[in-house]
Structures are given as structure tokens and as C-alpha cells.
Amino acid sequence: MNKSLKSVDYGLEKIFDGAQDFLPLLGTDYVELYVGNAKQAAHFYKTAFGFQSLAYRGLETGSKDAVSYVLKQGKIRLVLTTPLNSKSSINDHLRKHGDGVKVIALCVDDARAAHAETTKRGAKSYFTPKESQDDHGVIITSGIYTYGETVHIFVERKNYKGVFFPGYELWESNYNPPSSGLKFIDHIVGNVGWGEMNTWVKWYEEVMGFVNFLSFDDKQIHTEYSALMSKVMSNGNGRIKFPINEPAKAEKRSQIEEYLDFYEDSGVQHLAVATDDIIATVKQLQENGVEFLPPPPQSYYDAIPGRLGAHMKFMKEDISALQELSILVDADEEGYLLQIFTKPIEDRPTLFFEIIQRMGAKGFGAGNFKALFESIEREQANRGTL
Ligand code: FE2
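Structure report, in brief. (Residues numbered from 1 in each chain as written. Predicted model: local features only at pLDDT ≥ 70, side-chain atom pairs only at ≥ 80, totals over all residues. Heavy atoms only, no water.)

1. Quick look at the overall build of the protein
Piece 1. For the protein, the helix and strand inventory stands at ten helices and 17 strands.
Piece 2. Scaling as 2.2 N^0.38, a compact globule of 386 residues should have a C-alpha radius of gyration of about 21 Å, and the protein matches this with 20 Å.
Piece 3. Projected onto its principal axes, the C-alpha coordinates of the protein cover approximately 60 × 45 × 45 Å.
Piece 4. Relative to its 386 residues, the protein shows a buried fraction of 57%.
Piece 5. For the protein, restricting intrachain contacts to residue pairs at least 6 apart in sequence, the fraction spanning at least 24 positions comes to 69%.
Piece 6. A total of about 16,200 Å² of accessible surface is found on the protein, and carbon and sulfur atoms cover 48% of it.
Piece 7. Where the 42 positive side-chain charges of the protein centre and where its 52 negative ones centre are 3 Å apart. (Helix = DSSP H or I, 4+ residues; strand = E, 2+ residues; numbered from the N terminus. Rg over C-alpha atoms; globule rule 2.2 N^0.38 Å. Buried < 20%, exposed > 50% of the residue type's maximum accessible area, 1.4 Å probe, protein only. Contact = heavy atoms within 4.5 Å. Areas by Shrake-Rupley, 256 points an atom, 1.4 Å probe, with all protein chains shown as cover. Lys, Arg positive; Asp, Glu negative; His and termini not counted. Charge placed at Lys NZ, Arg CZ, Asp CG, Glu CD.)

2. Comments concerning the coordination of the iron ion
Piece 1. Those protein atoms acting as donors to the iron ion are His187 (NE2), His270 (NE2) and Glu354 (OE), and they sit at 2.0 to 2.2 Å.
Piece 2. Look at where the donors of the iron ion fall in the sequence and you get H-x82-H-x83-E. Of this pair, His187 sits in strand β10 (residues 182-191) while His270 is found in strand β14 (residues 267-275), placing the two residues 83 residues apart along the sequence. (Donors = N, O, S within 2.8 Å, 3.2 Å for Na, K, Ca; no water.)

3. Topic: the sheet that holds strand β2 (residues 52-57)
Piece 1. Within the open sheet, the nine strands sit side by side as β6-β7-β8-β5-β1-β4-β3-β2-β9. Their pairing is mixed. Each of the sheet's edge strands pairs with one partner strand only, and the pair in question is β6 (125-134) and β9 (169-170).
Piece 2. Pairing between strand β5 (residues 100-108) and strand β8 (residues 151-156): five bridges, direction parallel. Within β8, the residue paired with Ile104 across the bridge is His152.
Piece 3. Across the face of the sheet, helix α1 (residues 38-49) comes into contact with β1 (25-34), β2, β3 (66-73) and β4 (76-83) while running at roughly 10° to β3. (Pairing = 2+ DSSP bridges. Axes fitted to C-alpha atoms, helices over the stretch in contact; angles between N-to-C directions.)

4. Notes on the packing of aromatic side chains
Piece 1. Per the counting criterion, the structure on display carries 24 aromatic pairs.
Piece 2. For the pair Phe44 and Phe49, a centre-to-centre distance of 5.9 Å together with 70° between the ring planes defines the contact as edge-to-face.
Piece 3. The interplanar angle of 85° and the centroid separation of 6.2 Å between the aromatic rings of Tyr45 and Phe51 together place this pair among those described as edge-to-face. As far as burial versus exposure is concerned, Tyr45 and Phe51 are alike and both buried.
Piece 4. One aromatic cluster is present, formed by Tyr147, Trp200, Trp203, Tyr204, Phe210 and Phe242 through successive ring pairs.
Piece 5. The cationic tip of Arg121 hangs over the ring face of Phe22; the distance from NZ or CZ to the ring centre is 3.5 Å. (Phe/Tyr/Trp six-rings, centres within 6.5 Å; stacked < 30°, edge-to-face > 60°. Lys NZ or Arg CZ within 6 Å of the ring centre and 35° of its normal.)

5. Focus: the pattern of salt bridges
Piece 1. As enumerated under the stated definition, the model contains 14 salt bridges in all.
Piece 2. Put simply, Asp29 and Arg77 hold a salt bridge, and the shortest N to O gap is 3.3 Å. A residue pair is termed long-range when its members are at least 10 positions apart, and Asp29 in strand β1 and Arg77 in strand β4 qualify at 48 residues.
Piece 3. In this structure Asp29 comes out as buried when scored by relative accessible area, which is 2%.
Piece 4. Judged by relative accessible area, which is 18%, Arg77 ranks as buried.
Piece 5. In this structure, the salt-bridge partner of Lys120 is Glu117, at a minimum N-O distance of 3.4 Å. (Salt bridge = Lys/Arg side-chain N within 4 Å of Asp/Glu carboxyl O.)

6. Some words on the sheet that holds strand β13 (residues 241-248)
Piece 1. On the basis of which strands lie adjacent, the open sheet formed by eight strands has the order β11-β12-β13-β10-β14-β17-β16-β15 and mixed pairing. The sheet is open, and its two borders are formed by β11 (211-216) and β15 (328-332), each paired with just one other strand. Direction aside, the axes of adjacent strands within the sheet are offset by 25° on average.
Piece 2. Sheet topology places strand β12 (residues 227-234) next to β13; eight bridges connect them, and they run antiparallel. Pairing of Leu228 across the sheet is with Pro247, part of β13.
Piece 3. With respect to the sheet, helix α6 (residues 278-287) is in contact with β10, β14, β16 (335-341) and β17 (352-359), its orientation differing from that of β17 by roughly 160°.

7. Some points on the pairing of β17
Piece 1. For β17, a buried count of eight out of eight residues is recorded, marking the element as mostly surrounded by other parts of the structure.
Piece 2. Of the two faces of β17, the one lined by Phe352, Glu354, Ile356 and Arg358 and the one lined by Phe353, Ile355, Gln357 and Met359 are each fully buried.
Piece 3. The sheet contact formed by β14 and β17 spans five bridges and is parallel. Within β17, the residue paired with Leu271 across the bridge is Phe353.
Piece 4. Bridge count for β16 against β17 is five bridges, and the pairing is antiparallel. Its bridge partner being in β17, Ile340 is matched across the sheet by Ile355.

Encoded structure:
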């Protein structure tokens, strides 16, 4: 049993032996969202989530078709991009999906090899390897499509010393709200269409060399009204974790169906970001105006000591402090975790954020799925989409 529980930052050790790490992936390089107004979205992510200004490209830097703001917090880099004219293909993405994640960029040692290896195994190319250069060095990128119109871009930046990418300049802002304590991306969840989960599980196994290390079926993930299925994919060093969800048949419309209806395609459902002090982080986010899902009932918190069992004596947080902030708790053999989910962060009920603190546990809060989905269903009922 655990002697002490510390928050988990996945190291480079190979934790999933079934994975063939032919790429290998070193971590998430950045996540890029296509948005309707990047200037205002950047203000929101700074003000509400405590991201800091990092880099910028736009008319002033010679970018004629699109503007991008790069924000940073801990190891997380978010890129917010908007088109500058009606001809840009970014408009097609925005018209169909609304604001959402276009790129999950992955850091690699060799972007040419990553493209060759993945396309050889069946990936559809987004773009072939290309070099971008400036006074600070060279970055090599390549890209492949994944579910929906979402893409993975492989980034080889070992010979680059600049602020982000060639073409970007340092974004120095006079407006610098404090960090909310977000450290790194823990996992990124994709929603895919009816019956497509196993297709994408196979795709991540065959094309990317990932392994399926956790599965949840509709018997485990259901409420009175709705159901879904989920499989968690991981690369070999455990740094990249992509759960894939699909809807399951039930009495009413599940949150996954609602997502697919409003995103009008498969796409990224949530970004889970890690903190090592979820109470401080969530307090700060709530003060900043971030809206979270409504709290589970009193009975949920009453049941926590029973659910955590032996982990209770290692738990550092007061249950009352967690309840005050509506933070959820779950445990597995290795420890416990604390998590909370925001409401969708745009008008379409699509993308949202999860804040997670792992205290030894490597799971995804399966013990919270029912309470979580009941909260979501109350929101869906308000939207008339249940
Ligand atoms: Fe999650």
C-alpha cells in the first residue's frame, strides 16, 4: 500500500510495454484552437484561466491571412488562430464547427520520420515535412489527420531557440494576470461518431503505436437517461493519453450525441489540465469567472470515505473544502485523484476543460462518471438537448 501519495507528473520511463514507440512522442507541443476572434479569446484565456502572453503573429509580423496568439501556463501552450479574410480555409472550419481544437501538436525528435512512419501505417497526410527558419534556428513540422477534421502536427524543435516558431514574435503585454497553477496537459479526449470508437482505437494502435490501457463500456458509464463508451489510448512513455468516446444507445440523448450534433463532426471534447493544488486553482478560476458544472448531491460527498477506503488516511484535503468548490474525488489501487469540469467554454455545447490533480491514481475518474453525467444532464435539460 502507498507510503505517501504525491502528485503525479508522468516521467519518461516506459510504463506501457505493449506500445511500440517508433515515433517516439516526447510530449504535447501545443494545442491550437480555431476561433472567431482570437484577440478576444486570448483575453478570456488570460483573464479566466491565468494563461500568460508568449508569442504573436499577424499583419505586423507579415502574416497576411491569419492571426495567432500563443499563450503559456506551466508546460501548456495554447495557440488561438483566426482568419483575416473570407478566403482563408479556416473559415470553413469555423462555419462548420464553431470555435474548437484544430491541432494537437506532438513533440518529436524527427518530424520527417514521424510523417513517414505514420503515413506508411495508414495515416492520411495533412502536410508533408517542411522546414521553417529564422535567426533563432530551424523547426521541422509535418502533419496527419486524425478523427473528424482534427490533425496531429509533429514538431521537431531541437534546433530552435526562438520564442515559439519562425514567423512569431515575442508577445509583450502590459496585462499579465496571475497564473492559476495549471502545469501540463494530462489528457485530451476525442468524441467520435456511433460505432467509430474501435476504428479509432485501432488507428491509434496501428498508426501511432499506442496501447489501449483502460476501457469503459456503456454498462459502466450510464445514468438513468444516457450512456457512452470510452477507451483510453496511451503512447509508450505514458506522456500522451487520448481517451476516445462514442455515444451508446439509451433512453435520451447523451452528452456525446449533443457534442456531435453541435460540432457537426468528431472532435476534441475536453482538455484535461493538471495542477498540484486543485483547491487553490479552482478557487482562483471561480473568482476569475470560470463556470463549472453544478455540484453533485450531498450523498456523493457522504460516500467518499467509503469509496476511498485505505486511501482516506493519505488524503490531505478536507472533504468539506472539496465540497465547497464542487471538486470530485475518485480512487484506484494506486491512489486518488481530484477533478472538476468546466461548462463548455463557447456557445455551442462542445469543448470544455477538466482540472485534475493526481495523487497516485492513474485512472480517469470512472467512479465519478455517474455523478458527472447527471450534472451534465441537468445542463442539457436546461438547453433542451437531453
Ligand atoms: Fe477527462
